Amino acid sequence: MQSEKPSFARFGGKMNFAGSGNQDVSQTVSSQENLSDERGSRTATIFDMVISVSLVALFFGLPLFFTGVTFQGIAFEKQMYFYFWLLIGVVAWASKGVITGEMRIRRTPIDIPIALFWLFYVVVSIFSVDRWHSFWGFFGDPSRGIISVTALVLVYYLVMSHFTIKRFQWMFWSFLLSGFIVTLWSFLVVMKISFLPDAWAKFAPMSLIGTISTLGIFLSLLIPLAITALFVLWNNDTEKKVRRMVLTGVIFFGLLLALFLLLALYSFVSYIVLLGGLSFFVVYVLARIVRPSEQWTWVPMVVFVAALIFLMIGTNTIPRANLPIEVAPNSTLSWQIAKESLKEDFFAGVGSANYGYAFSMFRPHEYNLNALYTLRFYQGTGLFFEALPTIGIIGTLLFVGLWLTFVSVGLYLLSHDKQRNKLYSLGFWTVVVMLFLAMFVSAINGTLILIGVLLAALALAILFSESNSEEQYLHLSLKAAPKFALALAFIFMVISAGVAFLFVFMGKVFFADVYAGKAVGLSSLVGPSVDSVRSLSHATETYPQEGRYYTRLAQEYMALANIEAAKGEKDRDTDKVASYVRSAVSTGERGKMLMPNDVMATESLGLIYENAGLYASDALVKAEEMYRRALELEPRNPLYFVKLGQIKKLNGDQKGEGTERDGLYNEAKAFFEKAIEEKENLAPAHYNLAVVLSRLKDTDGAIERAREALSFDRDNLNYKYNLAVLHQVRGDGEDKKIAEDLFKDILSVNSNLIDVHLSLGLLYEGENKRDLAIEQYQKILDLLPKDGGDNVKETREQVEKFITNVRNGSGNLNKKNASTNITPPTEESAAPLPQVPSTPNESPFNAPQQ
């Protein structure tokens, strides 16, 4: 009997065996595949749940998250939170694709504008003046880096590709709950109502959104969403009555709190954004394009009228808390920066996330007339004005084109097909309109960018849903041809490895900043210390790519060197001083190497070399080099001219009389005059110019400049003293009377100044007022302790000799021992410490606020 051969046939993707002898095998294979499919389905469901959790965590947690323990602050902390949950969502998305054998990416009308903008953003960053920070984002707020922009693109497609009505409800209501908590928190803070334990309160920010100004925009965004929630509740007849009434009460309470805060924070609120958005909302309701329940149509109108009333009321004294002073470049200054930068880098700008470089390089002369002229801005007012200098005209056009495409699609779908009542879409697209307006008129930090992109993605997704638009997807299938499947599997493995690396790297970045935050906290409480240096060293070891940590560490080392050098001879450790100075120089150089085009890193190193000049003779040469480089990076900063002039003056002081010394003094004079040209009311420039003119024997010119310095800084005792000495030296007409009045004026403020008592005593001697002269010398003896060290004893002996000379009639004028260089002994004074900034990007210059 001939045996029956099996025949193979493809059916439904399974292998079928013909013949009764193989039926059991076929059933076994089929059951195993069914079991595998069932397990795969369960696993895919788990990944779906992970995606849902990550999306809800983003919408709920992003406005609320903070730690208060980092150096860079709340914008950095929220960025790290955003990356964490986004990576979890993306990994779950990719893993689900492997399990199901396919990845679906939803196609939208703005895919091409997104791709063009992202590609150009990457290209611009390659040619940036600071490639690392263009890649990662600038210190303090990394939201403008390639990593952040890429993450925003990913979260957009994550939201769009996994949109369902159920997920939307979770995201919408979780964001509203988060917004309610932010509003309640802000109300308690503004009204100075204590609600946190003292141990927690010191870490809590005043604004959970970063600044009070961005809090104002956030509250503005909440209002149309809260009204939308009210409309939806009463448009749904299936909603339980009790639940609806409770939620209505909570929504109204939140609305009232938000409106109260917008009034209380009037100076920080952009009413163009608020009224522009509310106008858009009201127009669509009045035009019956969107039709809420009739009993609630009055709500948006009342809110709009309330906002107009707030605008008319203006500034008020409602807040009980001391609100911070927030400064941002106005539109005029932002346009000047953009205009000047385009002259140099028209097409591609200076590089993404490098607005601080553009601001320093192109800030106008008029900025020096501002009282806060030492401030640098690392973000512009409005993303439009920030884009022009950083990504150039091409990048800005792509950015605006992306926005216009997005907004036009939304407005078309929102206005089209009026039969569909798009309640959710109206609220969300009002938010989009507000964000679009804010892009031109308001300073927008990283937190607001992240929240804005999340809400914009959700706005487009719900609009597609309410418009019943056809869903189109890009399918990446692992079930396709083997070569394609293998390529996708390889890409998945690469992505998985990249995600693992990013998790570790971002963890290191975060903990490095925690170390730095701990160091800054210690330094602000007890001053620079070994512990603060140790913590900053941990930060540099954990995240060695960040130059700011090295710059800050160098400042701490230099402060420690000055503290040690200021100790008495017995307590001073010269080896420690030398070690601290060397460490300050080496870490400062490292910081400058990592950020060669950053003016703060350069000026900080210049200050370190200048301080090191007290301990190393050749340090002033390096200081001059650094200040010249800083001047190249910030050509309009008058303080660099002052610094260069001071160095020239010091070099001249070390030379003997002659043409070389006069040449150095004249160079210094030219620098000080240039500083005055840049800023006419810069008191230190006038004062230093007076000193140089006195060295050049131009006493009349010196007095004139000293008067100018004092007119701009009337409380500066040093300026008064030197003006008095100049009048005393000249001695013409009323000069001595003027000098006497100035000396007395100084002593009325501080009677413990030995130099002033000495100069006044010599002045009285010159006028033959012996008793008054002796009185001043005696006051010097009273200020010097009898049991002081050798320096104190030597000074006391010299003053006692002064008194003896006056009493015996020989006097101290025109005598060798009549030197006016008696100074307080070093044992009784402390060396001044360099300015150590308390915020990430603050200039170390302690400049006078003229």
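Note: the structure precedes this text.
Residues numbered from 1 in each chain as written. Predicted model: local features only at pLDDT ≥ 70, side-chain atom pairs only at ≥ 80, totals over all residues. Heavy atoms only, no water.

A closer look at the overall build of the chain
Rules: Helix numbering and strand numbering both begin at the N terminus, where a helix is a DSSP run of H or I of at least 4 residues and a strand a DSSP run of E of at least 2. Burial classes follow relative accessibility: with a 1.4 Å probe on protein chains only, a residue under 20% of its type's maximum area counts as buried, one over 50% as exposed, and anything between as partly exposed. What makes two residues a contact is simply this: any of their non-hydrogen atoms within 4.5 Å. Only the protein chains shown count as covering a residue, and every accessible area follows the Shrake-Rupley method with a 1.4 Å probe. Charge counting treats Lys and Arg as positive and Asp and Glu as negative, with His and both chain ends excluded. One atom stands in for each charge, and that atom is NZ of Lys, CZ of Arg, CG of Asp or CD of Glu.
If you tally the helices and strands in the chain, you get 31 helices and four strands. In terms of overall dimensions, the chain has a C-alpha envelope of 145 × 75 × 55 Å along the principal axes. Across the 850 residues that make up the chain, the buried fraction comes to 51%. Contacts spanning at least 24 positions in sequence make up 73% of the contacts within the chain whose residues lie at least 6 apart. Only carbon and sulfur atoms are counted for the fraction: they give 59% of the accessible area of the chain, which is about 39300 Å². A gap of 6 Å separates the mean positions of the 76 positive and 79 negative side-chain charges of the chain.

Structural notes on helix 26 (residues 699-712)
As a reminder of what qualifies: Helix span, expected: 1.5 Å multiplied by one less than the number of residues in the helix.
Given a rise of 1.5 Å per residue, 14 residues ought to cover 20 Å, and the 20 Å separating the end C-alpha atoms of helix 26 matches this to within 8%. Buried within helix 26 we find Gly701, Ala702, Ile703, Ala706, Ala709 and Leu710. Structurally, helix 26 contributes buried residues whose contacts are with helix 25 (683-695) and helix 27 (717-730).

Examining the nonpolar core
Selection rule: In this description, a nonpolar core means a group of buried Ala, Val, Leu, Ile, Met, Phe, Trp, Tyr and Cys residues linked to one another through side-chain atoms lying within 4.5 Å.
With 238 residues, the main nonpolar core has Phe82, Trp136, Ile223, Phe428, Trp429, Leu455 and Tyr777 as its most contacted residues. For this core, the element with the highest residue contribution is helix 8 (residues 212-235), accounting for 17 residues. Among residues more than four places away in sequence, those in contact with Leu455 are Phe59, Phe175, Leu221, Leu225, Phe428 and Val431. Core analysis: the second largest hydrophobic core is formed by six residues, Leu333, Ile337, Tyr367 and Phe377 among them.

Notes on helix 31 (residues 790-807)
Helix length check: helix 31, at 18 residues, gives a terminal C-alpha distance of 26 Å against a target of 26 Å (1.5 Å per residue), a fit within 8%. Restricting attention to buried positions, one finds in helix 31 the residues Val792, Thr795, Arg796, Val799, Phe802, Ile803, Asn805 and Val806. Just downstream of helix 31, Gly809 is the residue with a positive phi angle, here 90°.

Some thoughts on a negative patch on the surface
Just so we agree on the cut-off: Patches here are clusters of residues that have more than 30% relative accessible area and form no salt bridge, with a 9 Å joining cutoff for like charges and a 5 Å cutoff for nonpolar side chains (Val, Leu, Ile, Met, Phe, Trp, Tyr). Salt bridges are defined by distance alone: a side-chain nitrogen of Lys or Arg within 4 Å of a carboxyl oxygen of Asp or Glu.
A cluster of acidic residues, Glu569, Asp790, Glu794, Glu797 and Glu800, forms a negative patch at the surface. Relative to the helices and strands, Glu794 is located in helix 31.

Looking at empty space enclosed by the protein
The criterion, for reference: Only protein atoms enter the 1 Å grid, on which a cavity is a set of points fitting a 1.4 Å probe that cannot get out and a pocket is an open set with protein on both sides within 12 Å along at least 5 of 7 lines, lining residues being those with an atom within 4 Å of a point. Grid points are joined across faces, edges and corners, and a volume is the space filled by probe spheres set on the points.
Under the defined criterion, the tally for this structure stands at five cavities of 30 Å³ or more. Considering the residues around the largest cavity, the lining is formed by 31 residues, among which Leu152, Phe399, Trp403, Ile449 and Val453 are closest to the centre. Elements that contribute at least two residues to the lining of the largest cavity include exactly helix 3 (111-126), helix 5 (146-161), helix 14 (383-415), helix 15 (423-441) and helix 16 (446-466). At nine residues, the largest contribution of residues to the lining of the largest cavity is made by helix 14.

Observations concerning the packing of helix 10 (residues 271-286) against helix 15
Keep this limit in mind: Only the contacting stretch of a helix is used when fitting its axis, a line to C-alpha atoms as for every element, and angles between N-to-C directions run 0 to 180 degrees. Every angle not falling under 35 degrees, over 145, or within 65 to 115 is termed oblique; those three ranges are roughly parallel, roughly antiparallel and roughly perpendicular. Here a crossing is taken to be left-handed if its near helix is turned anticlockwise relative to the far helix by less than a right angle, and right-handed if that turn runs clockwise.
Their axes nearest at 8 Å, the elements helix 10 and helix 15 cross at an angle of 150°. As summarised for this structure, helix 10 and helix 15 are arranged roughly antiparallel, according to the angle between their axes. Note on packing geometry: the crossing formed by helix 10 with helix 15 is right-handed. On helix 15, the residues that touch Ile272, Val273, Leu274, Gly276, Gly277, Leu278, Phe280, Phe281, Tyr284 and Val285 of helix 10 are Leu426, Gly427, Trp429, Thr430, Val433, Met434, Leu437, Ala438 and Val441.

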